[in-house]
Amino acid sequence: MEPIKRVSAEKYYMNVISLLGMLLSAISAIVIVLFLALQAFRGFENPYLEIVTFFLLPGGILFGGVMTYFGAWRTRIKHRRNPNVELPPLPRLDFNDPSKLRLTAFFALVTVVFFAVIGVASIKGFEFTESTVFCGEVCHVPMEPEHVAWQGSPHARVRCVECHVGSGLDYYVKAKINGTRQLYSVLTGTYPTPIPTPVHNLRPARGTCERCHWPEKFISARHKIFSHNAPNEENAKRELQMLIKIGGTPGAPNTSGIHWHIGKEVSYVATDEKRQVIPYVAVKHSNGTIDEYVSTEKPITKEEVAKHEKRVMDCIDCHNRPAHSYNPPSDELDHGFEAHRLDPSLPYLKKIASELLEKPYKSNEEAVASIDKEIQAYYAKNYPALVTSKAASIKQASEEVQRIYSRNYFPKMKVVWSAYPTNMGHFYFPGCFRCHDGKHKNAAGKIISKDCNLCHSVLSQTQENIPKGTQVKDFVHPVDIGDEMKKTNCSECHAPAGIDVTGGEVKKH
Ligand code: HEC
Ligand code: HEC
Ligand code: HEC
Ligand code: HEC
Ligand code: HEC
Ligand code: HEC
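Residues numbered from 1 in each chain as written. Chains lettered and ligands numbered in written order. Predicted model: local features only at pLDDT ≥ 70, side-chain atom pairs only at ≥ 80, totals over all residues. Heavy atoms only, no water.

A few words on the domain arrangement of the protein chain. For an interface, size is often stated in terms of accessible area lost upon the parts coming together. Partitioning the protein chain into structural domains gives domain 1 (9–129), domain 2 (133–191), domain 3 (216–322 + 421–506) and domain 4 (343–407). The distance between the C-alpha centroids of domain 1 and domain 4 comes to 61 Å. (Domains from an automatic or database assignment.)

Here it is, written out as structure tokens:
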């Protein structure tokens, strides 16, 4: 056997595969560095570019590295088999002489730089998967409603992951596994429309909400003004001022008030998907005794209770739309009047705008065009004098109603405000009255109270049917409904069309 001719190892790298690999690694690294620099100076965010830079390009560096070594390995094998094959000479760079040491140093340096770039890209990539841009905009169509609603919520500066993941590796891994499944459903177009609520595996509020909010600090009461406009010719202003008893500080000496539930262990059984029907409630007292309340209207047996999952009440059982509230047209229009974006001197504006918003449309474009056309047409037909004298107000009204539509209705995702019941209050949806309907009794005959002064007290009210200057003590309903107001849950009359408040499911829309 012929002795193998010694060649300098670097020569093995002078082959097409290795050279291409090196080129790929170098270009990937340079593009990552350029992108990071651009981002640092210009501060822009683009989900697709970020996916490429933080996931694809580091892959490029690694793949280039693998190619480089593979090429060299292949050449070496070939060369061992046939040592007479000429290896191409190294390019005559300066460090070729006294070659070895400098060249090794050069390769080592390049490797360190590549790994540093991969490291930085991975950190940025991790940060990016935690950003609202990633959660809200990468899967643009399915996440659009939640993203838009979040932008208009009190939590618009709180990132998605702070409520949906929280801190800790276990929840991070869970979220990524879930996310991969969701990504698959987006790529294959198999995601549900609308996205179902509630989120069944949402992290308990202790690990999310309570990292910023401090239940110990819920004290006393909050003065709140409810401003409405009647659906009549004058858009008559109605105003109700109430003191909302938000106290209930756990552990404090005087623990009465709405947040009482947090200091106690209150658990319940819901018989429907959206947790709107609650026939069973249990309160665990500090001495260990358990008080069980069962609905007299929709009774449930012990066996059925045992079969269902018992949920311990936390923040989300009341505040279930803290970041994604889709508001009913009436509330949005009331805010529009309050903010002077809607002119109350336009007759019947509230009524026609509510009706236009609730019409079914196939797309946002169709809705926006139709709303403008119909508002113009309504005033042209019924109040022609206003078309010129109030032209600016009519135009502004049309724009505001279009904005309300785009903020609360998403035809592509079949999202309408009524598909996502809110549990705060008791007006459109059962909310507090899921338990506080005066029909949940314990063995001793005690009921979960529906007393109108339990949670709030009326400070003042102005309304068409209240003589000016009268100081009311209790809420006066705008139309006389007799004792129905106390007997029947408000949502049974006020629920949006298509919603069966007793079953909580959307039937049509
Ligand atoms: C302040 C906390 C909070 C923030 C911030 C937040 N969410 Fe949510 N999100 C919730 C809660 C609470 C629910 C409903 C939970 C329930 O009822 O089970 C929810 C529900 C959802 C749902 C399920 C469908 C639905 O509407 O009920 C999606 C999807 C969603 N969020 C996406 C996002 C995205 C995307 C972001 C960031 C742009 C985000 N969330 C930010 C608290 C938050
Ligand atoms: C990262 C911190 C953070 C997290 C997590 C967080 N919040 Fe908040 N929340 C805030 C801040 C800050 C405000 C005040 C916003 C303002 O006043 O503009 C706020 C406001 C609120 C309000 C009052 C809104 C109003 O209309 O006055 C409620 C209710 C609330 N949060 C509930 C929740 C719930 C429920 C969760 C968990 C699902 C949660 N928050 C998670 C920071 C947070
Ligand atoms: C899952 C059932 C359930 C829901 C939903 C619920 N509560 Fe309660 N609530 C209870 C029970 C049980 C009690 C205690 C009854 C008792 O001991 O008299 C209670 C007591 C109260 C009290 C009196 C606390 C005290 O100081 O003694 C207030 C105030 C209250 N709830 C407000 C609300 C509000 C506001 C909502 C809706 C945002 C609501 N609750 C939703 C079950 C519920
Ligand atoms: C029984 C239902 C219920 C539960 C459970 C509940 N809240 Fe509330 N919370 C309310 C109601 C009702 C209000 C008053 C809302 C209003 O005034 O519009 C309120 C008000 C608030 C406010 C605003 C307080 C202020 O000073 O303006 C914050 C913040 C808040 N809740 C956070 C939380 C957090 C965090 C949790 C969980 C630890 C929680 N809530 C649990 C019903 C509840
Ligand atoms: C278990 C607690 C609770 C009980 C009992 C209760 N309410 Fe309320 N109510 C609330 C909460 C919470 C809100 C509103 C929260 C919000 O929107 O800020 C509310 C809001 C209201 C509003 C304002 C609705 C609006 O949008 O203008 C009226 C009116 C009202 N309640 C009347 C009543 C009457 C009448 C009764 C007695 C039959 C009653 N409430 C019993 C908790 C309660
Ligand atoms: C028997 C059916 C019925 C019940 C029960 C009922 N309402 Fe009404 N409510 C009506 C009707 C009808 C109107 C009239 C619509 C209008 O003129 O605004 C109305 C209007 C209202 C309005 C005015 C809305 C606005 O936009 O100005 C408020 C506020 C109201 N109801 C509160 C309540 C509350 C709170 C309860 C429960 C304590 C309740 N209603 C129970 C039938 C009912």
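This is not the end of the story, as more comes after the structure.
Let's shift gears to the sheet that holds strand S2 (residues 237–244). On the basis of which strands lie adjacent, the open sheet formed by three strands has the order S1-S2-S8 and antiparallel pairing. Each of the sheet's edge strands pairs with one partner strand only, and the pair in question is strand S1 (222–229) and strand S8 (456–462). Within the sheet, the average angular offset between the axes of one strand and its neighbour, ignoring direction, is 20 degrees. Pairing of S1 with S2 involves eight bridges; the strand directions are antiparallel. When the sheet's bridge partners are listed, Ser-227 is paired in S2 with Glu-239. (Pairing = 2+ DSSP bridges. Helix = DSSP H or I, 4+ residues; strand = E, 2+ residues; numbered from the N terminus. Axes fitted to C-alpha atoms, helices over the stretch in contact; angles between N-to-C directions.)

With that out of the way, let us pick up the site of ligand 1. Close contacts around ligand 1 come from 25 residues, with Cys-160, Cys-163, His-164, Thr-197 and His-324 the closest. Take His-164: an N or O atom from its side chain is 2.8 Å from a nitrogen atom of ligand 1. Here His-324 contributes a side-chain N or O atom positioned 2.8 Å from a nitrogen atom of ligand 1. Tallying contributions element by element places helix H5 (residues 140–151) first for the shell around ligand 1, with four residues. Split into classes, the residues belonging to the shell around ligand 1 amount to 15 nonpolar, seven polar and three charged. (Near = heavy atom within 4 Å. Polar contact = N/O pair within 3.5 Å; in protein donor to acceptor, adjacent residues only side chain to side chain. Nonpolar A, V, L, I, M, F, W, Y, C, P; charged D, E, K, R; others polar.)

With that settled, the discussion passes to the site of ligand 6. Taken together, 17 residues lie around ligand 6, and Arg-238, His-477, Cys-490, Cys-493 and His-494 are the ones closest in. Between ligand 6 and Arg-238, the relevant distance is 2.5 Å, taken from an oxygen atom to a side-chain nitrogen or oxygen of the residue. Between ligand 6 and His-494 there is a distance of 2.8 Å, counted from a nitrogen atom to a side-chain nitrogen or oxygen. Breaking the shell around ligand 6 down by element, the ones donating at least two residues are helix H17 (484–487) and helix H18 (490–494). Among the elements that take part in the shell around ligand 6, H18 stands out by supplying three residues, more than any other. Looking at the shell around ligand 6, its residues break down into nine nonpolar, five polar and three charged.

Quick look at the packing of helix H13 (residues 349–358) against helix H14 (residues 364–382) now. Here H13 crosses H14 at 150 degrees, and the two axes come no closer than 11 Å. Taken together, H13 and H14 sit at an angle that is classed as roughly antiparallel. Here the hand of the crossing between H13 and H14 comes out right-handed. On H14, the residues that touch Leu-349, Ile-352, Leu-356 and Leu-357 of H13 are Ile-371, Glu-374, Ile-375, Tyr-378 and Tyr-379. Its residues placed into classes, the contact of H13 with H14 shows eight nonpolar, no polar and one charged. (Parallel < 35°, antiparallel > 145°, perpendicular 65-115°, else oblique. Left-handed = near helix turned anticlockwise from the far one by under 90°. Contact = heavy atoms within 4.5 Å.)

Each pair of donors in an ideal octahedron of six around a metal sits at 90 or 180 degrees, and each pair in an ideal tetrahedron of four sits at 109.5 degrees. Binding of the iron atom of ligand 4 to the protein goes through His-259 (NE2) and His-319 (NE2), at separations of 2.0 Å. One way to put it: the six donor atoms around the iron atom of ligand 4 meet at angles of 88 to 178 degrees, and that makes the site octahedral. Of the two residues, His-259 sits in the loop between S2 and helix H9 (260–263) while His-319 sits in the loop between helix H11 (315–318) and helix H12 (329–338), which places them 60 residues apart along the sequence. Take His-259: its relative accessible area is 15%, and that puts it in the buried class. (Donors = N, O, S within 2.8 Å, 3.2 Å for Na, K, Ca; no water. Tetrahedral: all angles 85-135°; square planar, octahedral: opposite > 155°, others 65-115°. Buried < 20%, exposed > 50% of the residue type's maximum accessible area, 1.4 Å probe, protein only.)

Alignment of S2 against S8, held across six bridges, turns out to be antiparallel. Residue Ile-244 lies in a different strand from S8, and its bridge partner there is His-456.

All right, on to the environment of Arg-341 then. With respect to the element layout, Arg-341 can be found in the loop between H12 and H13. When its relative accessible area of 32% is taken as the criterion, Arg-341 is described as partly exposed. Sequence separation between Arg-341 and Ser-370 is 29 residues; the distance between their C-alpha atoms is 20 Å.

So, on to the sheet that holds strand S4 (residues 280–284). Read from one edge of the open sheet, five strands run S6-S3-S4-S5-S7, paired in antiparallel fashion. Two strands bound the open sheet, and with one partner strand each, they are strand S6 (311–312) and strand S7 (440–441). Across five bridges, S4 lies against strand S5 (residues 290–295) in antiparallel orientation. Across the sheet, residue Val-283 finds its bridge partner in S5, namely Asp-291.

So, about the pattern of salt bridges. Summed over all chains, the structure comprises 14 salt bridges. Between Lys-439 and Glu-297 there is a salt bridge, with the nearest N and O atoms lying 3.4 Å from each other. On the criterion of sequence distance, the pair formed by Lys-439 in the loop between helix H16 (391–408) and S7 and Glu-297 in the loop between S5 and helix H10 (302–307) is long-range, its members being 142 residues apart. Residue classification places Lys-439 among the partly exposed residues on the basis of a relative accessible area of 22%. Overall, Glu-297 belongs to the partly exposed group, its relative accessible area being 43%. A salt bridge links Glu-400 to Arg-403; the shortest N-O distance between them is 3.1 Å. Separated by three residues within a single helix, Glu-400 and Arg-403 lie in helix H16, roughly one turn from each other. Glu-400 gets classed as buried once you look at its relative accessible area, which sits at 4%. (Salt bridge = Lys/Arg side-chain N within 4 Å of Asp/Glu carboxyl O.)

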